[in-house]
Amino acid sequence: MYGRKYPRIHQHTPGEMNRLEKAFAGELDLWKIAGEIQEYQFESVKLKLAKGCFYTPDFLVVKDHIYFYEVKGFMRDDAAVKLKIAARMFPWAQFILVTQDSSGWKFQSIDIN
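Draft legend 1. Geometry of the overall build of the protein. On a plain count of helices and strands, the protein comes out with 2 helices and 7 strands. Start at the N end of the protein and walk to the C end: the helices and strands fall as α-β-β-β-β-β-α-β-β. Buried residues in the protein amount to 30% of all 113 residues. Pairs at least 24 residues apart make up 49% of the contacts formed inside the protein by residues separated by at least 6 positions. Only carbon and sulfur atoms are counted for the fraction: they give 53% of the accessible area of the protein, which is about 7900 Å².

Draft legend 2. Looking closely at the environment of Phe-59. Summarising the element assignment, Phe-59 is placed in strand β4 (residues 59–62). A C-alpha to C-alpha distance of 9.5 Å links Phe-59 and Leu-28, two positions 31 residues apart in sequence. For Phe-59, the residues in contact, after removing those within four places along its chain, are Met-17, Glu-21, Phe-24, Ala-25, Leu-28, Tyr-40, Gln-41, Phe-42, Tyr-67, Phe-68, Tyr-69 and Val-71.

Draft legend 3. Structural context of the environment of Ile-85. Mapped onto the elements, Ile-85 comes out in helix α2 (residues 77–89). For Ile-85, a relative accessible area of 33% corresponds to the partly exposed category. The sequence separation of Ile-85 and Ile-112 amounts to 27 residues, and the corresponding C-alpha distance is 8.2 Å.

Draft legend 4. Broad picture of unusual backbone geometry. Of note, Glu-43 is a non-glycine position whose phi angle comes to about 45°, a positive value. Its place among the elements puts Glu-43 in the loop between β1 (39–42) and β2 (47–50).

Draft legend 5. Geometry of the pairing of β1. Side-chain alternation along β1 places Tyr-40 and Phe-42 on a buried face and Glu-39 and Gln-41 on a face that remains uncovered. Two elements, β1 and β4, share 4 bridges in a ladder whose sense is antiparallel. When the bridges of β4 are listed, Tyr-40 appears paired with Val-61.

Draft legend 6. Structural context of the pairing of β2. Sheet topology note: the β2/strand β3 (residues 53–55) ladder contains 3 bridges and is antiparallel. Looking at β3, one finds that Ala-50 is bridged to Cys-53. Joining the antiparallel neighbours β2 and β3 is a turn of 2 residues, in which Gly-52 adopts a positive phi near 75°.

Draft legend 7. A look at the sheet that holds β4. Taken in spatial order, the 5 strands of this open sheet run β1-β4-β5-β6-β7, and their pairing is mixed. Edge positions in the open sheet fall to β1 and β7 (104–109), since each of these has one partner strand only. Along the sheet, successive strands turn relative to each other by an average axial angle of 25°, direction set aside. As judged from the 4 bridges shared by β4 and strand β5 (residues 66–71), these two strands associate in the antiparallel manner. If you follow Val-61 over to β5, its bridge partner there is Tyr-67.

Scoring rules and cut-offs
Residues numbered from 1 in each chain as written. Predicted model: local features only at pLDDT ≥ 70, side-chain atom pairs only at ≥ 80, totals over all residues. Heavy atoms only, no water. Helix = DSSP H or I, 4+ residues; strand = E, 2+ residues; numbered from the N terminus. Buried < 20%, exposed > 50% of the residue type's maximum accessible area, 1.4 Å probe, protein only. Contact = heavy atoms within 4.5 Å. Areas by Shrake-Rupley, 256 points an atom, 1.4 Å probe, with all protein chains shown as cover. Pairing = 2+ DSSP bridges. Axes fitted to C-alpha atoms, helices over the stretch in contact; angles between N-to-C directions.

Quick look at the structure:
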């Protein structure tokens, strides 16, 4: 009678990596060893988008400048909107959506136009 309208989606616990984020952190470790990046941090930045509205990128990565990587197995509408707004509000950083399929990691740069 009062059943769930939508399937249950696992809620993220701040500061804890899910399976996909752990796998991507392993990839970042390899990039660091290879000298492709200088450093990375998990959920170390909280960006204010509006009063009471924040976005915390999964990974801050330092290469030639600042990159924010958002790792997703599934993208909800609110997360997609926050990612696009953050890319527009903080043009000094590059925002990249990361997904994975059977052929490996996929990277999509977030266009601010």
